[in-house]
Amino acid sequence: MAISADIKQIRTTHLAQAKQDGTHFAMLTAYDQYMAEIFDAAGIETLLVGDSAANNVLGHRTTLPITLDQMITFSAAVVRSTTRAMVIADMPFGSYEVSPEQAVASGIRLLKEAGVAAVKMEGGEFYAPHIEAMTAAGVPVMAHIGFTPQSENTLGGYRVQGRGDEAAADMVKTAQTLEAAGAFGLLMEMVPTSVANAVDEALTIPTVGIGAGPGTTGQVLVWQDMLGLRGGRMAKFVKQYANLRPIVEQAARDFHKEVVSGAFPDEATSFSS
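Definitions and limits used
- Residues numbered from 1 in each chain as written.
- Predicted model: local features only at pLDDT ≥ 70, side-chain atom pairs only at ≥ 80, totals over all residues.
- Heavy atoms only, no water.
- UniProt positions renumbered as here; feature names shortened; annotations may be inferred.
- Helix = DSSP H or I, 4+ residues; strand = E, 2+ residues; numbered from the N terminus.
- Rg over C-alpha atoms; globule rule 2.2 N^0.38 Å.
- Buried < 20%, exposed > 50% of the residue type's maximum accessible area, 1.4 Å probe, protein only.
- Contact = heavy atoms within 4.5 Å.
- Areas by Shrake-Rupley, 256 points an atom, 1.4 Å probe, with all protein chains shown as cover.
- Pairing = 2+ DSSP bridges.
- Patch = residues over 30% accessible without salt bridge, like charges linked within 9 Å, V, L, I, M, F, W, Y side chains within 5 Å.
- Salt bridge = Lys/Arg side-chain N within 4 Å of Asp/Glu carboxyl O.
- Axes fitted to C-alpha atoms, helices over the stretch in contact; angles between N-to-C directions.
- Phe/Tyr/Trp six-rings, centres within 6.5 Å; stacked < 30°, edge-to-face > 60°.

The protein goes by 3-methyl-2-oxobutanoate hydroxymethyltransferase in an unreviewed UniProt entry, where it is assigned to Micrococcoides hystricis. Recorded in UniProt for the protein, the comment headed Function (unreviewed entry) runs: "Catalyzes the reversible reaction in which hydroxymethyl group from 5,10-methylenetetrahydrofolate is transferred onto alpha-ketoisovalerate to form ketopantoate." In its Subunit (unreviewed entry) section, UniProt records this for the protein: "Homodecamer; pentamer of dimers."

(A) The arrangement of the overall build of the protein in detail. The number of helices and strands found in the protein is 11 helices and 8 strands. In terms of overall dimensions, the protein is globule-like: its C-alpha atoms have a radius of gyration of 20 Å, near the 19 Å expected for 273 residues. Expressed along its principal axes, the backbone C-alpha trace of the protein runs to roughly 70 × 40 × 40 Å. Looking at the protein as a whole, 48% of its 273 residues are labelled buried. Across the protein, every contact between residues at least 6 apart in sequence was considered, and the portion connecting residues at least 24 apart equals 58%. Working note: accessible area of the protein is about 13500 Å², and carbon and sulfur atoms make up 56% of it.

(B) Focus on the pairing of strand β7 (residues 207-210). Residue alternation in β7 divides its side chains into two sets, T207 and G209 and V208 and I210, and both sets are buried. As defined by bridge partners, strand β6 (residues 185-189) adjoins β7 across 4 bridges and the pair is classed as parallel. Across the sheet, residue M188 finds its bridge partner in β7, namely G209.

(C) Local environment of a nonpolar patch on the surface. Together, F255, V259 and F264 line one region of the surface with nonpolar side chains, adding up to about 280 Å² of accessible area. Within the secondary structure layout, F255 lies in helix α11 (residues 244-261).

(D) Representation of the sheet that holds β6 within the structure. Pairing within the closed barrel is parallel, and its 8 strands lie in the order β1-β2-β3-β4-β5-β6-β7-β8. Strand-to-strand twist in this sheet, taken as the mean axis angle between neighbours without regard to direction, amounts to 25°. Inspection of the sheet shows strand β5 (residues 141-146) paired to β6 by 5 bridges, in the parallel sense. Opposite G146, over in β6, you have E189 as the bridge partner. Those strands touched by helix α4 (residues 68-80) are β2 (46-49) and β3 (86-90), and its axis lies near 155° from that of β2. Strands β3 and β4 (118-122) of the sheet are contacted by helix α5 (residues 100-114), whose axis makes an angle of about 145° with β4.

(E) Local environment of the pattern of salt bridges. The tally for this structure, following the rule as stated, stands at 7 salt bridges. In this structure, the salt-bridge partner of E113 is R109, at a minimum N-O distance of 2.7 Å. Separated by 4 residues within a single helix, E113 and R109 lie in helix α5, roughly one turn from each other. The exposure class of E113 is partly exposed, given its relative accessible area of 44%. Two residues, E249 and R253, come together in a salt bridge whose shortest N-O distance is 2.8 Å. Here E249 pairs with R253, and both are found in helix α11, just 4 residues apart, close to one helical turn.

(F) Main features of the UniProt feature "active site" (unreviewed entry) in the protein. Here the UniProt-annotated "active site" (unreviewed entry) positions come out as E189. Residues within four places of E189 in sequence aside, it is in contact with H144, I145, G146, F147, P149 and I210.

(G) Local environment of the side chain of T207. Turning to its location among the elements, T207 is positioned in strand β7. Judged by relative accessible area, T207 falls into the buried class, the value being 0%. Leave out the neighbours within four places in its chain, and T207 touches L186, M188, D200, T216, T217 and G218.

(H) The packing of aromatic side chains, seen in detail. Counted according to the given criterion, the structure contains 4 aromatic pairs. Measuring from ring centre to ring centre gives 5.0 Å for F126 and Y127, while their planes differ by 90°; the resulting arrangement is edge-to-face. Looking at Y127, the relative accessible area reads 15%, which means it is buried. Centre to centre, the rings of F255 and F264 are 6.0 Å apart; their planes meet at 65°, and the pair counts as edge-to-face. Judged by its relative accessible area of 36%, F264 is partly exposed. Put simply, the rings of Y96, F126 and Y127 pair up and form one aromatic cluster.

In C-alpha cells, the structure reads:
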C-alpha cells in the first residue's frame, strides 16, 4: 500500500499519515537534475540529497569532506527538477555540531537557498536541543540514528549498531528523546530488525530504514547502489534493481570504437550545407 498518487506534493503531514495508516513510502538519494526527474516521475515519495554525494559524486572516501555550500548546490538542482517528491537535504559534517544556533543557521540556508522541504541530521540525544531550536525556527528535521557515517571515526568504522539488550534500550530512548524534541521522522541505518521494530513501535513519527529490516514506514537506498552503477562490494542491505555499470561501460566502448574508426559521426549525424 502506497501514499495516494493523487497527492500533488508530498509533505511531512503525508509521511505522518502513512505511519498512522501502516502505509509505506520510498526514498532514494538524488544529487542531479536527471535522476531527480526520473525518480519523481516514477512516484518515489521522498528524495534525499545525501551527504553521500561526497563519496558517490565527488570522489571522496567518506561523507566528511562535503561542505554546506556544495550541499546547497546539489539540493537546489534536485528541487528544481521535481514536482511531487518531498526533497530532504542532509546537514553535512561541521554544519551543526557546534551549537543549536549553528544548526538553525545551516538549516535555514538549506531551506532558503536550496528550497528543500526539510533537513536530515545525524546524531543522538546530544542533538535534541539542536532539533528543538531548528523546529521552532521553522526547519523540519528528520533525525538519523544507528550507524551515522559522519561518526565513522568514533564508531570504529562501518558497524551494525544497537546489538545487545542495553544498546537496543538506549536506541529506543534516544529515538523517543529526538521525537520529543520535534523531529518529524527518524532514519535508522544498519540496525538489527528487532531493534528497528522496537524503535518504530515506540514512536508516533514515521521511521525510515536503510539496513534496518522491513518494519519501518519508509525505505531508502543510495541510487548508485540500487541501480548497480557503483562497482565493488555491496553492503548486505543493498538490493540492486538494475546493473547499469556494464551497460554504461559498453556504450562508452562502442562510442570510442566508432570515433577511432571514423564511423561516427556519419551522414545521419552531420549537417548538410
